[in-house]
Amino acid sequence: MLELYGTEFSSRMLLGTAGYASPDLLRQAVEASGAEIVTVSLRRESARAKTGQGFWGLIEELGCRVLPNTAGCHTAKEAITTAQMARELFGTNWIKLEVIANDDTLQPEVFGLVEAAAELNADGFDVLPYTTEDLSVAERLAAAGCEVLMPWGSPIGSARGLANKTALKTLRAYFPDTPLIVDAGLGAASHAAEVMEMGYDGVLLNTAVAKAGDPVTMARGFASAIEGGRLAYEAGIVEPRDMATPSTPIAGTPFFKIDNAS
Ligand SMILES: CC(=O)[C@@H](O)[C@H](O)COP(=O)(O)O
């Protein structure tokens, strides 16, 4: 089970709700994924009030836990204000904290991120910070009260998978008891399997499903990959070796040796 801030979930997939070709496709994809947590962007949806109303109704019908995010915020102050609005709107203390440094890379602005995380945690929020793979930033986020960490795989929407596996493995080693979720940049289901095989606790994705040729089947594919990766991790993956090892043990030769020389 995935446990986040004291609540357990059977699905280890957190699914974004942006960018689907239709509300019905969004509904089908969420259902196919088995995700129990969906992220919603307060700033993006309310910007289009008309579709926003239908959107919010659909989100409610899905019956998933809503994880509001502060997508589009560039400063700590903006993110804090957005988070407070989201708490009022959705009645949840959970917030996916995004403070964006650059609109081309959508990379986290880590200084504002830590500042906002400290203030929001002090204000009673349960913060799930979208961060980089940087260990020192992760340590500061933990010190600021974050009990979940969400390093990126690669830039949001890039679908490039895991850019720095070594650093992600280091985070896993440094935070053995903290729920770690890779958030952003996943493209193929195999990327999600890799994350889970590293011993991560979950993945958060949006583009890979919403923009797939068939989002519903893709959602199902990611669900299978996440389950497979987790099972492999729990089963104990064989360590790679430099030299060959016969997979069939030769304990005595059941057949006489044929001397090819003669
Ligand atoms: C939905 C959401 O919160 C995104 O900002 C998230 O980071 C997913 O990124 P991808 O679209 O790359 O999966």
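Reading the values: rules and limits
- Residues numbered from 1 in each chain as written.
- Predicted model: local features only at pLDDT ≥ 70, side-chain atom pairs only at ≥ 80, totals over all residues.
- Heavy atoms only, no water.
- UniProt positions renumbered as here; feature names shortened; annotations may be inferred.
- Helix = DSSP H or I, 4+ residues; strand = E, 2+ residues; numbered from the N terminus.
- Buried < 20%, exposed > 50% of the residue type's maximum accessible area, 1.4 Å probe, protein only.
- Contact = heavy atoms within 4.5 Å.
- Areas by Shrake-Rupley, 256 points an atom, 1.4 Å probe, with all protein chains shown as cover.
- Lys, Arg positive; Asp, Glu negative; His and termini not counted.
- Charge placed at Lys NZ, Arg CZ, Asp CG, Glu CD.
- Near = heavy atom within 4 Å.
- Polar contact = N/O pair within 3.5 Å; in protein donor to acceptor, adjacent residues only side chain to side chain.
- Nonpolar A, V, L, I, M, F, W, Y, C, P; charged D, E, K, R; others polar.
- Disulfide = S-S within 2.5 Å.
- Salt bridge = Lys/Arg side-chain N within 4 Å of Asp/Glu carboxyl O.
- Axes fitted to C-alpha atoms, helices over the stretch in contact; angles between N-to-C directions.
- Parallel < 35°, antiparallel > 145°, perpendicular 65-115°, else oblique.
- Left-handed = near helix turned anticlockwise from the far one by under 90°.

As annotated in an unreviewed UniProt entry, the protein carries the name Thiazole synthase and is attributed to Methyloceanibacter stevinii. Looking at the Catalytic activity (unreviewed entry) heading of the UniProt record, one finds this comment for the protein: "[ThiS sulfur-carrier protein]-C-terminal-Gly-aminoethanethioate + 2-iminoacetate + 1-deoxy-D-xylulose 5-phosphate = [ThiS sulfur-carrier protein]-C-terminal Gly-Gly + 2-[(2R,5Z)-2-carboxy-4-methylthiazol-5(2H)-ylidene]ethyl phosphate + 2 H2O + H(+)". What UniProt states about the protein under its Sequence similarities (unreviewed entry) heading is, verbatim, "Belongs to the ThiG family."

S.K.: Give a description of the overall build of the protein that names residues and reports values.
M.R.: Along the protein, the regular secondary structure elements total 10 helices and 10 strands. Its C-alpha atoms give the protein principal-axis dimensions of about 85 × 40 × 35 Å. For the protein, the proportion of its 262 residues judged to be buried stands at 48%. Considering only contacts in the protein between residues 6 or more positions apart, those separated by 24 or more positions represent 66%. In the structure as shown, the protein presents an accessible area of about 13100 Å², 53% of it carried by carbon and sulfur atoms. If you average the places of the 20 positive and of the 33 negative side-chain charges in the protein, the two averages end up 4 Å apart.

S.K.: Please provide a residue-by-residue account of the site of the ligand, values included.
M.R.: The local shell around the ligand holds 14 residues, among which Lys96, Gly157, Asp183, Asn206 and Thr207 are the closest. Here asparagine 206 contributes a backbone N or O atom positioned 2.8 Å from an oxygen atom of the ligand. A distance of 2.5 Å is found between an oxygen atom of the ligand and a side-chain nitrogen or oxygen belonging to threonine 207. Protein chains bury 93% of the 360 Å² of accessible surface belonging to the ligand in isolation. Here the residues of the shell around the ligand sort into 4 nonpolar, 7 polar and 3 charged.

S.K.: Just give me the short version of the state of the cysteines, but keep the residues and values in it.
M.R.: On inspection of all chains with the given rule, the structure shows 0 disulfides. Of all cysteine sulfurs in the structure, the one in cysteine 146 sits closest to cysteine 73, which takes part in no disulfide; the separation is 16 Å.

S.K.: Before we move on, can you summarise the pattern of salt bridges with the specific residues and values?
M.R.: Evaluation of the coordinates by the stated rule reveals 8 salt bridges. The salt bridge involving aspartate 24 is made with arginine 27; its shortest N-O contact spans 3.2 Å. With aspartate 24 and arginine 27 both in helix H1 (residues 23-33), this residue pair falls 3 residues apart, about one helical turn. Among the ionic contacts, a cluster of salt bridges with common partners joins Asp24, Arg27 and Glu61.

S.K.: Now, about unusual backbone geometry: what can you tell me, with residues and values included?
M.R.: Here tyrosine 5, not a glycine, exhibits a phi torsion of approximately 45°, which is positive. Mapped onto the fold, tyrosine 5 is located in the loop between strand S1 (2-4) and strand S2 (7-9). The backbone of alanine 159 sits at a positive phi, close to 60°, despite the residue not being glycine. Structurally, the position occupied by alanine 159 is in the loop between strand S8 (150-151) and helix H7 (165-174). On the basis of relative accessible area, alanine 159 is assigned to the partly exposed category, the value being 35%.

S.K.: Summarise the packing of helix H8 (residues 189-197) against helix H10 (residues 215-235); cite the residues concerned and give the values.
M.R.: Contact pair H8 / H10: the axes reach a minimum separation of 7 Å and the direction vectors enclose 25°. Relative to H10, the element H8 is oriented roughly parallel. In this structure, H8 meets H10 at a crossing whose hand is right-handed. On H10, the residues that touch Ala189, Ala192, Ala193, Met196 and Glu197 of H8 are Gly221, Phe222, Ala225, Ile226, Gly229, Arg230, Ala232 and Tyr233. Tallied by class, residues from the contact of H8 with H10 come to 9 nonpolar, 2 polar and 2 charged.

S.K.: Break down the UniProt feature "active site" (unreviewed entry) in the protein for me, with residues and values.
M.R.: The sites that UniProt annotates as "active site" (unreviewed entry) are Lys96. One can find lysine 96 in strand S6 (residues 94-97). Take lysine 96: its relative accessible area is 4%, and that puts it in the buried class. The contact partners of lysine 96, leaving out residues within four places of it in the chain, are Leu67, Pro68, Asn69, Thr70, Leu128, Tyr130, Met150, Asp183 and Leu204.

S.K.: Tell me about the packing of helix H4 (residues 76-90) against helix H5 (residues 110-122), residues and numbers included.
M.R.: Their axes nearest at 8 Å, the elements H4 and H5 cross at an angle of 35°. Note on packing geometry: the crossing formed by H4 with H5 is right-handed. The residues of H5 that touch H4, namely those facing Ala76, Ala79, Ile80 and Ala83, are Gly112, Glu115, Ala116, Glu119 and Leu120. Across the contact of H4 with H5, the residue classes tally to 6 nonpolar, 1 polar and 2 charged.

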